[in-house]
Every structure is written in C-alpha cells, then in structure tokens.
Number of protein chains: 2
Amino acid sequence: MQIALTAAVRCAECPIRHRAVCARCDDDELSLLEGMKTYKTFKAGQPILWRGDDLVFVASVVQGVAALSKTLEDGRTQMVGLLLPSDFIGRPGRGQIDFDVTATTDVTLCCFDRKPFEKLVDDTPHVAHRLMELALDELDAARDWMLLLGRKTAREKIATFIQMFVRRTHTDEQAAGPDQFNMPMTRDQIANYLGLTLETVSRQFNSLKKEGVISFGDRKTFTVVDMAALHNATGDDADGGMID
Amino acid sequence: MQIALTAAVRCAECPIRHRAVCARCDDDELSLLEGMKTYKTFKAGQPILWRGDDLVFVASVVQGVAALSKTLEDGRTQMVGLLLPSDFIGRPGRGQIDFDVTATTDVTLCCFDRKPFEKLVDDTPHVAHRLMELALDELDAARDWMLLLGRKTAREKIATFIQMFVRRTHTDEQAAGPDQFNMPMTRDQIANYLGLTLETVSRQFNSLKKEGVISFGDRKTFTVVDMAALHNATGDDADGGMID
DNA sequence: CGTGCGGTTGATCCCTTTCAAGGATTGTGG
DNA sequence: CCACAATCCTTGAAAGGGATCAACCGCACG
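Residues numbered from 1 in each chain as written. Chains lettered and ligands numbered in written order. Predicted model: local features only at pLDDT ≥ 70, side-chain atom pairs only at ≥ 80, totals over all residues. Heavy atoms only, no water.

1. Describing the sheet that holds strand β5 (residues 77-83) of chain A
An order of β2-β7-β4-β5 (chain A) is seen for the four strands of this open sheet, with the pairing classed as antiparallel. Taken across any chain shown, the strands that pair with only one partner, and hence form the sheet edges, are β2 (47-49) and β5 of chain A. Between one strand axis and the next, the sheet turns by 35° as a mean value, whatever way the strands run. Inspection of the sheet shows strand β4 (residues 66-71) of chain A paired to β5(A) by six bridges, in the antiparallel sense. Residue pairing in the sheet places A:Leu68 in a bridge with A:Gly81 of β5(A). Running at roughly 130° to β5(A), helix α3 (residues 125-151) of chain B makes contact with β4 and β5 of chain A of the sheet. (Pairing = 2+ DSSP bridges. Helix = DSSP H or I, 4+ residues; strand = E, 2+ residues; numbered from the N terminus. Axes fitted to C-alpha atoms, helices over the stretch in contact; angles between N-to-C directions. Contact = heavy atoms within 4.5 Å.)

Structure follows, in structure tokens:
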C-alpha cells in the first residue's frame with residue numbers, strides 16, 4: 001500500500017525524515033531543502049539514469065526500490081547496489097555515474113538539482129556529514145556483497161538475501177505478520193543481484209521452502225518460518241556480521 | 001626498491017603528497033598534520049588491524065600493499081579491498097571496522113590518532129572533502145569488483161586484475177620497463193581477491209602466458225606483451241569502464 | 001481464449017573446485 | 001657451501017555445483 005506523495009508533502013512528515021540525507025538537519029536547514037525539492041516518480045522497470053549520463057539531479061528514495069547495475073559487453077549484468085527508502089542517488093563532486101539506475105518497483109524520489117544541492121552541501125555540515133555516513137554505509141554493504149559474490153554458495157546467497165531483506169524491510173514498513181514480507185523483485189532481478197541465474201534462484205527458493213525454512217503464499221509474499229535455520233544457511237557467523 | 005622512511009620525512013616531500021587524504025591541504029593545514037603524524041611499519045604477512053578492533057588510529061598507506069578481507073565461519077575468505085599507496089585506512093565516525101587489515105608486502109603507514117584526527121576533519125573542509133572523494137573512489141572500485149566477482153569468468157578475472165594492477169602501479173612508481181611490473185602478491189592472495197582458488201589462478205596465468213599475452217621472468221615480475229589482447233580478455237567494453 | 005510474462009522443473013554440460021603429487025625457489029643452520 | 005625445510009607454484013585427474021538448454025505451468029490481461 002502506497003501513500004500518495006506529491007510535491008506538497010512537508011519534510012517534517014516525510015517517512016524517511018530521520019534516515020535520509022536530511023536526517024541531521026535542524027528546522028532551518030530543512031526548510032532550505034524543502035524549497036529545493038521536487039518529487040519524481042518512476043514506474044516499475046523504467047530507467048532512472050543511464051551510465052554516462054550527466055547527473056542533473058541527486059535524490060533520496062522515498063518509496064519503492066531502485067537498483068544500480070553494471071553490464072558487460074556481451075550483456076551479462078550484475079546489480080551493484082539496491083536502493084531502498086532513505087538511500088541516496090548521486091554524489092557530490094561527480095557529474096557522471098558509472099552504472100545504470102533502474103526502478104525495480106514503482107519509485108518515488110525526492111530530487112534536488114545537483115548544482116544548488118552541492119552548494120548547499122558545502123554550506124551545511126549536517127548534510128555533508130550525513131552524506132559521508134551514507135557513503136560509508138554503502139561501502140560496508142558493498143563489502144558484505146563482495147564476500148557473498150566471491151565465496152558463498154547459491155544456497156547461502158539466497159539465505160543471505162532473504163535475511164538482509166527482512167532486516168531492512170521490517171524497520172521500514174510495518175510488516176503485515178511477524179516475519180512476513182513482500183518481495184518486490186522478480187527471480188531474474190534477484191539472480192542479477194546475487195550473481196546467479198534465475199533457474200538457480202528458483203531452485204534454491206523452493207529448496208528452502210521444502211525444508212520448512214520459509215514459505216510463500218503468493219509468489220511475492222514470503223514468511224520466514226524458521227529464522228534460526230535461515231541464519232544458519234547464510235554461512236555467516238553468529239552475530240550476522242551486519243552493522244545496524 | 002624501498003625508500004627509507006622515518007618520522008622525520010617532511011610532508012612536502014612525501015611520495016603520496018598529492019593523492020592521499022592531505023592532497024588538498026595548504027601549507028598551514030599540512031603543518032598541522034605534520035605535527036600529528038607518526039610512521040608505523042609492518043612486515044609482509046603481519047596483521048595491521050583485526051575485525052572488531054577498536055580503531056585507535058587512522059592512516060594513509062605510504063609504501064607497500066595492504067589488504068582488507070572478510071572471512072566466513074568455515075574459513076573461506078574474500079578480500080574486499082586492496083590498499084595501495086595513497087589509500088586510506090579507517091573512517092571518521094566509526095570506532096570499529098568490520099574486516100581484517102593485513103600487510104601484503106612490507107608496509108609503511110602514516111598514522112594519526114583517531115580522535116584528534118576526527119577533530120581536525122571537522123575543522124578542515126579540505127580534509128573532509130578529500131576523505132569523501134576517497135570514500136567514493138573506494139565505492140566505485142568496490143562496484144567494479146562486484147561485477148567481476150559476480151559475473152566474470154576466471155580468465156576475465158585474471159585479465160582484469162592484471163590490467164587494474166598495471167594501471168595503478170604505472171603512475172605510482174616509475175616502472176622498470178614499458179609494461180613491466182612487479183606483482184607483490186602470492187597466487188593464494190590473488191585467488192582470495194578474485195574469488196578463485198590458487199590452482200585456477202596459476203592455470204589462468206600460464207594460459208595467458210602460453211597465448212603470448214603476458215610473460216614473466218621471475219615469478220613475481222610480469223610483462224604485458226599484448227596490451228590490446230589483455231584488455232580483450234577482460235570482458236569489459238572498449239573504454240575500460242574505469243574512472244581515472 | 002489466446003498471448004505474454006514470470007516461474008518451475010528436468011536433463012545435460014562445462015568450468016571451476018577439489019584432491020593429489022611433484023617441482024622450483026628461498027632461507028637457514030650446520 | 002651444501003642439506004634440508006618451508007613456501008610457493010605448477011600440473012594432472014576427478015568431482016561437483018551451477019549454467020545452459022528446453023519444456024511446461026499458471027496467472028493476468030487484452
């Protein structure tokens with residue numbers, strides 16, 4: 001269920017107010033941002049930015065999921081980042097990006113023109129700080145993913161993916177059930193994220209289902225039946241290795 | 001050939017003066033840093049920091065190569081970053097790191113105690129800016145590596161690795177020959193970086209050698225015989241996709 | 001009621017891993 | 001200076017996990 005978002009939404013009531021790039025801002029700073037922002041929406045599957053494009057705007061993801069991906073000459077593609085609500089697109093001091101950004105689900109972005117935003121970053125330490133934190137969080141996530149891509153088995157990849165998704169989603173939206181959640185990605189997109197083929201993704205999902213670790217009603221609605229078993233299947237050590 | 005470095009080396013003469021965290025500093029700022037810095041050296045193979053350690057110092061790599069790595073419960077390990085001269089260890093606002101840092105070769109670090117350094121970062125926009133740039137560079141590198149780990153074949157991985165290494169090394173040190181360079185890592189370390197086994201690394205190296213793409217005299221000294229063929233073997237498109 | 005898209009399942013193949021043995025190089029101590 | 005050990009590297013044979021190729025299912029939608 002999506003909340004209708006328009007340019008009229010006030011920052012103070014924004015669902016990502018406390019985690020996005022504006023998290024540290026006081027009221028004055030917030031009203032500066034409020035004066036600059038515009039909302040853009042994208043339908044599932046739509047491209048948001050192409051590799052090599054001039055970066056005319058930067059943005060926070062307000063609703064939905066977007067993906068960063070890279071493609072080899074022969075068409076093999078690999079997702080190199082998943083943007084959930086509060087994640088940031090674009091970077092100060094870079095006029096271009098080196099990957100494609102695509103809407104995975106319907107997406108709402110809170111956009112700022114790049115040039116004025118960069119000026120604001122220079123004048124507003126709170127924003128600069130938060131931007132740095134977000135970049136470092138992304139770096140941590142990227143490194144976890146490198147371990148997954150380089151060394152984990154298909155089964156471990158799937159288990160890790162589900163676990164990550166549950167963790168990030170649970171706090172984001174009020175999930176319907178205890179460990180139930182909605183999977184907004186197709187098997188093919190998941191495969192591109194995990195460095196697998198869609199067939200392998202399907203097989204591993206069904207294998208975890210047969211073992212009673214997860215179950216799903218609709219093909220897009222999962223329930224984690226046995227959280228401990230799921231964690232066990234990730235290959236990670238006890239504390240999960242994830243920083244909260 | 002290593003230059004002897006002691007605490008007495010002046011920043012103005014430092015080999016990484018123009019690329020490290022201090023790159024943007026003016027003379028005043030530089031003398032502040034100069035007053036804080038101490039050199040530490042580590043022998044090849046020595047641990048520099050362990051995962052979960054309290055981060056008491058941050059540092060720039062002055063000489064040598066260090067590696068960031070993560071390990072699964074059962075011992076599988078994956079390098080998640082390679083630190084060459086001018087790269088930075090540690091991050092503002094984080095008291096801990098989530099990976100091990102190990103000296104791959106003999107390493108010289110230019111260290112700063114974390115707390116005072118963080119204060120300096122807050123007061124010195126030039127340093128904060130540069131730190132942000134370095135973080136974003138690392139993020140770009142991490143994403144290139146995710147594509148490699150997730151989608152490239154063993155052959156492509158090796159070719160990409162050599163290419164990356166030649167590119168970064170050539171500007172760093174004046175290489176002996178045109179495309180000759182010194183490989184400071186063992187087959188095992190390379191395997192951990194590329195998500196392969198050491199046997200596969202060995203086989204692919206020798207395969208590229210048989211094809212006349214590279215040659216090596218000493219097992220640690222490579223020459224790229226056919227740069228175009230090497231690039232062709234990376235799977236990347238024409239311009240290489242690497243940002244300089 | 002067909003068509004298309006996403007998903008499942010099966011059979012086969014192949015690249016990389018695994019297991020194993022031997023070769024090369026370096027360093028150390030007698 | 002040589003013997004020996006420790007590392008690092010190479011090479012071969014076999015096994016296996018995931019990819020590939022292919023057929024089919026089920027649901028949404030026109």
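Once the structure has been displayed, the description carries forward.
2. So, the protein's contact with DNA strand C
Around DNA strand C sit 18 residues in total, of which A:Arg187, A:Ser202, A:Arg219, B:Ala154 and B:Thr200 are the nearest. In DNA strand C, atoms within 4 Å of the protein come 64% from sugar and phosphate. At 2.9 Å, a side-chain N or O of A:Arg203 approaches a base nitrogen of DNA strand C. Considering every element that reaches the surface near DNA strand C, the biggest residue donor is helix α6 (residues 198-210) of chain A, with five residues. (Near = heavy atom within 4 Å. Polar contact = N/O pair within 3.5 Å; in protein donor to acceptor, adjacent residues only side chain to side chain.)

3. Notes on the protein's contact with DNA strand D
Taken together, 17 residues sit near DNA strand D, with A:Ala154, A:Thr200, B:Arg187, B:Ser202 and B:Arg219 positioned nearest. Restricting the count to atoms of DNA strand D within 4 Å of the protein gives a sugar and phosphate share of 64%. The side chain of A:Arg203 places a nitrogen or oxygen atom 2.9 Å from a base oxygen of DNA strand D. In the model, a base nitrogen of DNA strand D is placed 3.1 Å from a nitrogen or oxygen of the B:Arg203 side chain.

4. Description of the interface of chain A and chain B
With 49 residues of chain A at the interface, the matching set in chain B holds 49 residues. Of the roughly 4400 Å² buried between chain A and chain B on both sides combined, carbon and sulfur atoms contribute 54%. The largest contributions to the chain A side of the interface with chain B come from A:Arg143, A:Met146 and A:Arg151, which together make up 19% of the buried area. On inspection of chain A and its partner chain B, the count reaches 14 salt bridges. B:Arg51 serves as the salt-bridge partner of A:Asp237, at 3.7 Å between the closest nitrogen and oxygen. For the pair chain A and chain B, the number of links is 22 residue pairs in polar contact (both at pLDDT 80 or more). (Buried area = accessible area lost by both parts, 1.4 Å probe. Salt bridge = Lys/Arg side-chain N within 4 Å of Asp/Glu carboxyl O.)

5. Here's the deal with the pattern of salt bridges
Evaluated as defined, the whole model comprises 38 salt bridges over all chains. A salt bridge links A:Asp140 to B:Arg94, with the shortest nitrogen-to-oxygen separation between them at 2.6 Å. Here A:Asp140, found in helix α3 (residues 125-151), pairs with B:Arg94, found in the loop between β6 (88-89) and β7 (100-103), and the two come from separate chains. Both residues of the pair, A:Asp140 and B:Arg94, count as buried. B:Lys152 is the partner of B:Asp236 in a salt bridge, and the nearest nitrogen-oxygen pair spans 3.0 Å. In this pair, B:Asp236 sits in the segment after α7 (227-232) while B:Lys152 sits in the loop between α3 and α4 (154-172), placing the two residues 84 residues apart along the sequence. Members of the salt-bridge network, linked through shared partners, are A:Arg51, A:Lys70, A:Asp98, B:Asp144 and B:Asp237. (Buried < 20%, exposed > 50% of the residue type's maximum accessible area, 1.4 Å probe, protein only.)

6. Let's talk about the relation of the copies chain A and chain B
For these two chain copies, the linking operation is a rotation about an axis paired with a shift along it. With an RMSD of 0.0 Å, the fit of chain A onto chain B corresponds to turning through 180° and sliding 0.0 Å along the axis. The symmetry that links the two subunits is that of a two-fold axis. Taken as a fraction of all interface residues of chain A, those also at the interface in chain B reach 100%, which identifies the copy contact as same-surface. (Least-squares fit on C-alpha atoms with pLDDT ≥ 70 in both.)

7. Details of unusual backbone geometry
Phi is positive for A:Ser86, which is not a glycine, with a value near 95°. Mapping A:Ser86 onto the fold places it in the loop between β5 and β6 (88-89).

8. Brief notes about the side chain of A:Ser69
By the secondary structure assignment, A:Ser69 is in strand β4. Those residues within four positions of A:Ser69 in sequence are excluded, and the remaining contacts are A:Gln78, A:Met79, A:Val80, A:Phe99 and A:Asp100.

9. Thoughts on the domain arrangement of chain A
Residue and element names in this part refer to chain A. Each assigned domain of chain A is listed with its residue range as follows: domain 1 (11-148) and domain 2 (153-232). Relative placement of domain 1 and domain 2: their C-alpha centres are 25 Å apart. At the interface, 15 residues of domain 1 touch 14 residues of domain 2. A combined buried area of about 1400 Å² lies between domain 1 and domain 2, and 64% of that area is made up of carbon and sulfur atoms. The tally of links between domain 1 and domain 2 comes to one salt bridge. (Domains from an automatic or database assignment.)

10. Re the packing of helix α1 (residues 27-36) of chain B against helix α2 (residues 114-123) of chain B
Residues and elements named next belong to chain B. Across the interface, α1 lies against α2 with an axial gap of 11 Å and an inter-helix angle of 170°. Classified by the interaxial angle, the pair formed by α1 and α2 is roughly antiparallel. Across the interface between the two elements, Leu32, Leu33 and Met36 of α1 pack against Pro116, Phe117 and Leu120 of α2. (Parallel < 35°, antiparallel > 145°, perpendicular 65-115°, else oblique.)

11. Some points on the packing of aromatic side chains
The final tally for this structure, using the stated rule, is 20 aromatic pairs over all chains. Seen from their ring centres, B:Phe165 and B:Phe181 are 5.9 Å apart, and the 35° between their planes marks the pair as tilted. Taken together, the residues span a long stretch of sequence, with B:Phe165 in helix α4 and B:Phe181 in strand β9 (residues 180-182) at a distance of 16 residues. The same class applies to B:Phe165 and to B:Phe181, which are both buried. Members of the aromatic cluster, joined through ring pairs, are A:Trp145, A:Phe161, A:Phe165, A:Phe181, A:Tyr193, A:Phe205, A:Phe216 and A:Phe222. (Phe/Tyr/Trp six-rings, centres within 6.5 Å; stacked < 30°, edge-to-face > 60°.)

12. Overview of the sheet that holds β7(B)
Residues and elements named next belong to chain B. The sheet built from four strands is open, its strands ordered β2-β7-β4-β5 with antiparallel pairing. Of all the strands in the sheet, just β2 (47-49) and β5 (77-83) have a single pairing partner and so form its edges. Averaged over all pairs of adjacent strands, the angle between strand axes in this sheet comes to 35°, irrespective of strand direction.

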